[in-house]
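Observations on the three-dimensional arrangement
Below are the chains, spelled out letter by letter.
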Amino acid sequence: MTLADRLNKIIDEQGLTKRAFAKTLGVSENYIYQLTGSQEKLTTISETLAKLIALEFGYDKDWIIYGDKS
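Reading the values: rules and limits
- Residues numbered from 1 in each chain as written.
- Predicted model: local features only at pLDDT ≥ 70, side-chain atom pairs only at ≥ 80, totals over all residues.
- Heavy atoms only, no water.
- Salt bridge = Lys/Arg side-chain N within 4 Å of Asp/Glu carboxyl O.
- Helix = DSSP H or I, 4+ residues; strand = E, 2+ residues; numbered from the N terminus.
- Buried < 20%, exposed > 50% of the residue type's maximum accessible area, 1.4 Å probe, protein only.

Brief notes about the pattern of salt bridges
Inspection of the entire model under this criterion finds 5 salt bridges. Here Glu13 makes a salt bridge to Lys9, at a shortest N to O gap of 2.8 Å. Taken as a pair, Glu13 and Lys9 lie in helix H1 (residues 3-14) at a separation of 4 residues, close to a single helical turn. Exposure remark for Glu13: the relative accessible area of 46% places this residue in the partly exposed category. Glu29 is the partner of Arg19 in a salt bridge, and the nearest nitrogen-oxygen pair spans 3.0 Å. Remark: Glu29 occurs in helix H3 (residues 29-36) and Arg19 occurs in helix H2 (residues 18-25); sequence separation between them is 10 residues. A single network of salt bridges, built from pairs that share partners, joins Glu47, Lys51, Lys61 and Asp62.

In structure tokens, the structure reads:
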């Protein structure tokens, strides 16, 4: 599962739009689309943003950054 897959999973499970997800995190909607889209995809996320997502939505920070390590 890629970073984009994990972020899209969080967004879907929370029932949010990408716009609402971005607003909650205080980042631009464009940045979220770069993280989650199929074009111009970013493949890394800062630890600070991962911690914020973990705090706001209850997901494990390491899972957000690295995925499952099995």
